[in-house]
Each structure stands twice: as C-alpha cells, then as structure tokens.
Amino acid sequence: MKNKFMKSALKCAQKAFDDGEVPIGAVVVLDGKVIARGHNRRTKKQIATAHAEIEAIEKACKKLKSWRIPECEIYVTLEPCPMCMGAILNARIKKVYYGAPEGKGRSLTKEIAEANLLNHTVEVEGGVMESECAGILTKFFSEMRERTKKQ
C-alpha cells in the first residue's frame, strides 16, 4: 500500500516538474483512499508557504471540515521541512511517509515529530520509493543547471 500512495505523490511531483516547480508531491490518505493532493507552487504563486504538504493538508481539512485530521496519513516525495512538519503536527496527522531524505543541512523531521509539540507526536517512516523520489529531483536540478549554462 505504501508504494501505491507514494506513486500518487510522485504523480503530483511530476505536475510540479512540468510547471517548472521543484518536483515535490504530497497526498493525504484516509481509510486507504487518497483524499487530497498537493504539489509545490512556490514559484507560480510567489508564496513561501506554497509547499506540497501545506496544499494537501489544506485540501484535506476542507474536505473533512476540520483542522484536526488525526486518522489521516501523509505521503511526501521529499522529507518535510520544519514548516511542513509544524503543519502536520497542527493537523494532528498520525503518520508521515516520505521518499527521499533531505540532503542539504540537518534534518529535523524526527526531532520535531517526537518532541510532543502541541501535545501531539507523529510517526515518521522514510525511504519509501526513495530512488524514484530522489530521481525526479535529480533530473529537475540537472536540467535546471543545463538551462542556466546555456543562458
């Protein structure tokens, strides 16, 4: 099941890629069904918080008519940043699955997840379809560097 949902998140990442955005995708799952999808839109919207996770969480909250979605899980192609982990905690999501680890800087995902902030902890599992999730990011940045060289 994990791969099925991560494949859905990868489809969202591909949409971001096609739009020229950093290809990160996220899906929120409830009772074995995808209920919300999101992908990066920071460049298009010129909004710092337009991350895939935030978009997916907002859609899930609207669909369920609640800011608390504790029965939900989220699948993300790249390890969530601290801002997105804060949103995940605020929404009371029960588990995060991510594909590729954050390669730059120190990851705070586990520390944030286990810190009992907001009287909530969240389970985290990384490495789901890691090579596929890392691959789309590698391809995006390689192509971006090639375009930059040609200019």
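Residues numbered from 1 in each chain as written. Predicted model: local features only at pLDDT ≥ 70, side-chain atom pairs only at ≥ 80, totals over all residues. Heavy atoms only, no water.

Asks: Even after reading the chapter, I still don't get the nonpolar core, so can you show me in this structure?
Replies: Soluble globular proteins: nonpolar side chains tend toward being buried together. Counting residues in hydrophobic clusters, the biggest one holds 45 residues, and the most contacted among them are Val 28, Ile 69, Ile 74, Met 85, Ile 88 and Val 122. Ignoring sequence-local partners within four residues, the contact set of Val 122 consists of Met 85, Ile 88, Leu 89, Ile 93, Lys 94, Lys 95, Val 96 and Ala 113. (Core = buried A, V, L, I, M, F, W, Y, C linked by side-chain atoms within 4.5 Å. Buried < 20%, exposed > 50% of the residue type's maximum accessible area, 1.4 Å probe, protein only. Contact = heavy atoms within 4.5 Å.)

Asks: Any chance you could explain the pairing of strand E2 (residues 33–39) here in plain terms?
Replies: When a strand is regular, its side chains alternate between the sheet's two faces. The pairing of strand E1 (residues 25–30) with E2 spans six bridges and is antiparallel. Bridged to Leu 30 within E2 is Lys 33. Adjacent in sequence and paired antiparallel, E1 and E2 are bridged by two residues, among which Asp 31 carries a positive phi angle near 50°. (Pairing = 2+ DSSP bridges. Helix = DSSP H or I, 4+ residues; strand = E, 2+ residues; numbered from the N terminus.)

Asks: When you look at helix H6 (residues 130–150) in this model, what are you seeing that I'm missing?
Replies: Owing to its 3.6 residues per turn, the α-helix brings residues three or four apart onto one side. For H6, spanning 21 residues, the distance from its first C-alpha to its last is 31 Å, which sits close to the expected 30 Å at 1.5 Å a residue. Buried within H6 are the following residues: Cys 133, Ile 136, Leu 137 and Phe 140. On an axial view of H6, the arc spanned by its buried residues comes to 90°, and they lie on one face. The exposed residues of H6 that point more than 90 degrees off its buried face are Ser 131, Lys 149 and Lys 150. Where H6 is buried, its residues touch helix H1 (2–18), strand E3 (73–78) and strand E4 (95–100). (Expected span 1.5 Å × (residues − 1). Arc of directions from axis to C-beta.)

Asks: Is there a simple way to think about the sheet that holds E2 in this case?
Replies: Strands pair in a sheet through their backbones, by hydrogen bonds, and they do so in one of two ways: parallel or antiparallel. Read across the open sheet, the five strands follow the order E2-E1-E3-E4-E5; overall the sheet is mixed. Each edge of the sheet is formed by a strand with only one pairing partner; in this case those strands are E2 and strand E5 (123–125). Averaged over all neighbouring strand pairs, the angle between strand axes comes to 20°, with direction disregarded. Seen against the sheet, helix H3 (residues 52–64) touches E1, E2 and E3 and runs at an angle of roughly 140° to E2. (Axes fitted to C-alpha atoms, helices over the stretch in contact; angles between N-to-C directions.)

Fair warning: the whole summary comes from geometry, so function is off the table for now.
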